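This is what each chain is made of:
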Amino acid sequence: MIVCSRCEKENQDHYKFCLGCGAELPRDSNGPRSLAAPNASEGRTTNAPPAHAAGSGALASAPQLDIALPTPEPVQPAPVPELEPLPAELAPLSDATSPCTHCGADVPENFRFCHVCGHDLHSDLPPASDLESPEERVSPPAVAEAPEAPAPLARLVLIQPDGSEGESFPLSGGPTPIGRSTGGIFASDAYLSPEHAEFRFEGDQMVVKDLESLNGVYIRIDADVPIELFDGSVFRVGQEILRFEGPTAPDPAPDGTQHAGSPHHGFVGRISLVIGRDSTGNSYPVPPHGIHLGRERGDVIFPEDGYVSGLHCRIHSEVGHVFLTDVGSSNGTFVRVSNESFVPRGTYVLMGQQLFRAEY
Amino acid sequence: MEQARNYVCTECASAVPSGHKFCGACGAPVPAEAQTLDAQYFGALQMPGKARLIVVRGDEAMGEGLSYLLQATEHVAGREADQIPFPSDNWLSPRHANFVYRGEKLAVRDEGSLNGVYVRIRGSAPLQIGDHFMCGQQLFRVDATPKDSSGPEPDQTYFYSSPRRPSAFRITQVLEGGMDGIVCCAQEQTAEIGREDCDINFPDDIYLSPRHAKVEMIGENLKLIDENSQNGTYVRIRGEKELGHGDYLFLGRNLVRVEVTA
């Protein structure tokens with residue numbers, strides 16, 4: 001636990017920035033630097049003090065990355081970790097109430113719909129009101145707004161924790177290995193295996209191969225495009241590593257007795273939090289109609305992970321297959337590459353503590 | 001005019017004092033009914049010291065409200081049992097449990113069944129790692145927290161794991177068919193189960209109370225606490241367990257109540 005010296009909020013050990021106020025947290029320089037979600041500040045607008053950013057709605061309106069960092073002074077205001085403004089109706093219950101225009105019930109002021117009769121209270125307001133539209137609440141993914149630098153060569157562009165671009169690594173034609181033994185910025189990343197991954201081209205397609213690394217290679221999936229999950233598929237949401245396990249069950253006893261248990265709602269598998277090489281923590285079965293994951297909303301929530309969006313991704317099944325869909329999260333949903341995978345242009349690739357964008 | 005106070009010999013009309021088997025005047029035998037001073041029970045169900053089982057929620061074929069008087073020394077319940085049969089419940093082993101008398105006391109013994117015998121706890125009960133318990137329609141197992149396996153490899157690569165929080169034990173939901181369902185790591189020392197606002201929630205289980213039960217690690221010991229739930233919390237017995245009046249048991253899907261006449 002790291003206690004923020006500015007606002008005194010308790011943060012988990014591997015957080016780089018305080019979840020309460022956004023201040024940079026001190027790090028233990030001896031231990032491995034843990035992998036804070038690398039694109040935490042994607043879509044962040046601002047070098048303004050976090051307090052202003054949170055209240056002003058500026059988050060929503062100016063998504064371009066501020067890449068020019070003229071003075072690399074350590075006293076730069078810390079970027080705010082991903083903490084989307086909560087939609088007003090999802091905020092904690094307001095004490096203040098006002099009567100419903102339809103049934104007269106006392107409705108908390110931050111509710112959009114009357115909790116007694118379901119009346120849409122916003123329908124009473126003039127349409128030209130300056131209320132946020134739902135689209136404006138969500139920070140657009142930085143990917144869409146990232147400046148398209150002309151890239152004569154294929155390269156991996158390092159994305160720094162504040163969302164700005166760092167070094168580029170050219171990928172010239174032949175297979176290029178990357179790992180801790182590559183040196184440079186990789187040398188100090190304790191979560192990279194010595195030989196971690198290899199990049200190459202097949203025709204004009206970039207391909208990444210996981211060299212049986214300990215922590216794997218993750219590729220960000222496109223929003224709203226379902227990706228199939230298989231037994232053992234691993235994906236990452238914020239700082240959480242999750243594994244999908246297909247349904248398994250022991251055989252009934254030879255005498256015909258069935259295993260007793262809780263009602264089985266036709267679960268298609270379950271997702272488990274990976275907390276060690278051979279151990280998982282909390283698990284949740286996935287019913288056929290699916291589950292949502294998010295920091296604040298959904299069936300499985302991560303209230304302490306500021307890198308998870310309010311509503312982040314969904315898992316559901318269709319015709320006997322199970323799919324993972326990012327539902328427009330700010331920091332993305334990353335799927336671990338099984339052996340090797342194409343890397344489409346502009347895709348974000350996560351290895352160890354490093355986040356890259358593939359450009360070619 | 002008044003009635004004779006004793007049995008009167010039908011042969012010689014002499015009064016016979018109670019307890020005599022023969023008339024002292026003429027030697028005629030006294031009928032057995034007249035010899036007993038103690039009142040008899042109208043039925044065997046009234047006999048003291050003998051227990052009976054009332055099926056509160058029953059097997060489809062056998063129905064609810066059945067009662068079994070436990071008059072013998074052993075009474076086997078199971079899918080293919082003669083004495084207490086539940087033929088259509090495939091959660092029961094053919095020979096599942098045995099109700100036996102230990103002196104004056106009734107006890108239930110698990111006959112090595114697949115799914116076990118669950119007895120409702122009164123207030124709280126000690127638990128051990130690996131124990132099973134039931135709340136509402138839900139079945140759980142208490143598991144140990146696995147050892148931290150996220151340290152470095154021989155090549156000094158560190159395993160990246162999701163954030164871990166301190167947790168003394170975990171509760172695993174066991175689904176029908178034997179697959180594990182929800183796993184919930186305790187919030188430090190406790191985990192609470194109910195329909196809402198708990199660590200493990202089942203909003204659609206109508207037999208659960210809003211806050212039903214919790215498991216606590218106190219020192220080195222696990223404790224299961226029923227939070228005054230409507231339908232109670234049941235623990236799988238190990239081996240044999242003594243029963244008393246008002247105890248409830250789950251045998252497969254069948255819920256039975258123990259009645260012992262004092």
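Note that the coordinates shown come from a computational prediction; the quantities given were computed from them, not determined experimentally. (Residues numbered from 1 in each chain as written. Chains lettered and ligands numbered in written order. Predicted model: local features only at pLDDT ≥ 70, side-chain atom pairs only at ≥ 80, totals over all residues.)

Student: Describe in detail the overall build of chain B, supporting the description with residues and values.
Tutor: Assigned secondary structure in chain B consists of one helix and 22 strands. Taking 18 Å as the expected radius of gyration for a compact globule of 262 residues, we find that chain B reaches 28 Å, considerably beyond that expectation. Its C-alpha atoms give chain B principal-axis dimensions of about 110 × 35 × 35 Å. For chain B, the proportion of its 262 residues judged to be buried stands at 36%. (Helix = DSSP H or I, 4+ residues; strand = E, 2+ residues; numbered from the N terminus. Rg over C-alpha atoms; globule rule 2.2 N^0.38 Å. Buried ≥ 20, exposed ≤ 12 C-beta atoms within 10 Å, placed from the backbone.)

Student: Before we move on, could you go through the overall build of chain A and cite the residues and values that matter?
Tutor: Each helix and strand in chain A was counted, giving four helices and 23 strands. Within chain A, buried positions represent 39% of all 360 residues.

Student: Report on the sheet that holds strand β7 (residues 176-178) of chain A, specifying residues and quantitative values.
Tutor: Residues and elements named next belong to chain A. Taken together, four strands build an open sheet; the order of strands is β7-β8-β9-β21 and the sheet is antiparallel. Across the chains shown, the open sheet's two edge strands, defined by having one partner strand only, are β7 and β21 (340-343). The sheet shows a mean angle of 25° between the axes of neighbouring strands, taken without regard to direction. Inspection of the sheet shows strand β8 (residues 197-202) paired to strand β9 (residues 205-210) by six bridges, in the antiparallel sense. Each residue of the ladder has a partner; that of phenylalanine 201, found in β9, is methionine 206. (Pairing = 2+ DSSP bridges. Axes fitted to C-alpha atoms, helices over the stretch in contact; angles between N-to-C directions.)

Student: Give me the lowdown on the nonpolar core, citing residues and values where you can.
Tutor: The nonpolar side chains of a soluble globular protein tend to be buried with one another. Core analysis: the biggest nonpolar cluster contains 107 residues, and Ile219 and Val349 of chain A together with Val117, Tyr118, Val235, Leu249 and Leu251 of chain B have the highest contact counts within it. In this structure, Cys4, Tyr15, Phe17 and Leu19 of chain A belong to the second largest nonpolar core, which totals six residues. (Core = buried A, V, L, I, M, F, W, Y, C linked by C-beta atoms within 7 Å.)

Student: Can you explain the sheet that holds strand β16 (residues 200-201) of chain B? Please cite residues and give values.
Tutor: Residue and element names in this part refer to chain B. As summarised here, the arrangement of the five strands in space is β10-β18-β17-β15-β16, forming an open sheet in which the pairing is mixed. Only two strands of the sheet have a single neighbouring strand rather than two, namely β10 (124-127) and β16. Of the pairings in the sheet, the one linking β10 to strand β18 (residues 221-226) comprises four bridges and is antiparallel in character. Among the inter-strand pairings, serine 124 is bridged to a residue of β18, identified as isoleucine 225.

Student: Residue-level account of the interface of chain A and chain B, with values.
Tutor: If you look at the interface, chain A gives 43 residues, while chain B gives 38 residues. Put simply, the parts of the chain that give the side of chain A that touches chain B at least two residues each are β13 (240-245), β14 (269-274) and β15 (280-286) of chain A. Broken down by element, the side of chain A that touches chain B gets its largest block of residues, five residues, from β15 of chain A. Residues of the side of chain A that touches chain B, tallied by class, amount to 19 nonpolar, 19 polar and five charged. (Contact = placed C-beta atoms within 7 Å. Nonpolar A, V, L, I, M, F, W, Y, C, P; charged D, E, K, R; others polar.)

Student: Go over the pairing of strand β5 (residues 74-78) of chain B with me, naming the residues and quoting the values.
Tutor: Residues and elements named next belong to chain B. The buried fraction of β5 is high, at four of five residues. With four bridges connecting them, β5 and strand β7 (residues 97-102) associate as antiparallel partners. Each residue of the ladder has a partner; that of histidine 75, found in β7, is phenylalanine 99. Alignment of β5 against strand β6 (residues 84-85), held across two bridges, turns out to be parallel. For alanine 77, the partnering residue across the bridge sits in β6 and is isoleucine 84.

Student: So what about the environment of aspartate 231 of chain A? Which residues, and what values?
Tutor: Residues and elements named next belong to chain A. Tracing the backbone shows aspartate 231 in the loop between β11 (227-229) and β12 (234-237). Between the C-alpha atoms of aspartate 231 and leucine 211, which are 20 residues apart in sequence, the distance is 21 Å. Contact partners of aspartate 231, with chain neighbours within four places excluded, come to Glu245 and Gly246.

Student: Now, about the pairing of strand β10 (residues 217-220) of chain A: what can you tell me, with residues and values included?
Tutor: All names here are of chain A. Residues Val217 and Ile219 line one face of β10 and the alternating positions Tyr218 and Arg220 line the opposite face, and both faces are buried. Bridge count for β10 against strand β22 (residues 348-351) is three bridges, and the pairing is antiparallel. In the sheet register, isoleucine 219 faces β22, and the bridge partner there is valine 349. Sheet topology places β10 next to strand β20 (residues 333-336); three bridges connect them, and they run antiparallel. Looking at the pairing, tyrosine 218 lines up with arginine 336 of β20.

Student: Which residues make up unusual backbone geometry, and what values go with them?
Tutor: Residue and element names in this part refer to chain B. Although it is not a glycine, aspartate 197 sits at a positive phi angle of roughly 65°. Its location among the elements puts aspartate 197 in the loop between β15 (190-194) and β16. Positive phi values are uncommon outside glycine, yet asparagine 228 reaches one of about 55°.

Student: Go over the confidence of the model for chain B with me, naming the residues and quoting the values.
Tutor: Here chain B averages 92 in pLDDT, while 97% of its residues score no lower than 70. Scored by ipTM, the complex comes to 0.82, with pTM at 0.73. (pLDDT = per-residue confidence, 0-100.)

Student: Hey, could you go over the environment of valine 308 of chain A for me, with residue numbers and the actual values?
Tutor: All names here are of chain A. Here valine 308 lies in the loop between β17 (300-301) and β18 (313-318). Classification of valine 308 as buried rests on a count of 28 C-beta atoms within 10 Å. Along the backbone, valine 308 and arginine 277 are 31 residues apart, and their C-alpha atoms lie at a distance of 23 Å. Once residues within four sequence positions are removed from consideration, valine 308 is found in contact with Val237, Gly238, Gly294, Arg295 and Phe302.

Student: Account for the confidence of the model for chain A, naming residues and giving values.
Tutor: Residues and elements named next belong to chain A. For chain A, the mean per-residue pLDDT works out to 77, and 72% of the residues sit at or above 70. Long-range and interchain partners of residues 29-90, a stretch whose pLDDT sits below 50, account for 127 contacts in this model, where long-range means more than four residues apart. Within the model, the stretch residues 127-152 combines pLDDT values under 50 with 32 contacts to residues more than four positions away or in other chains.

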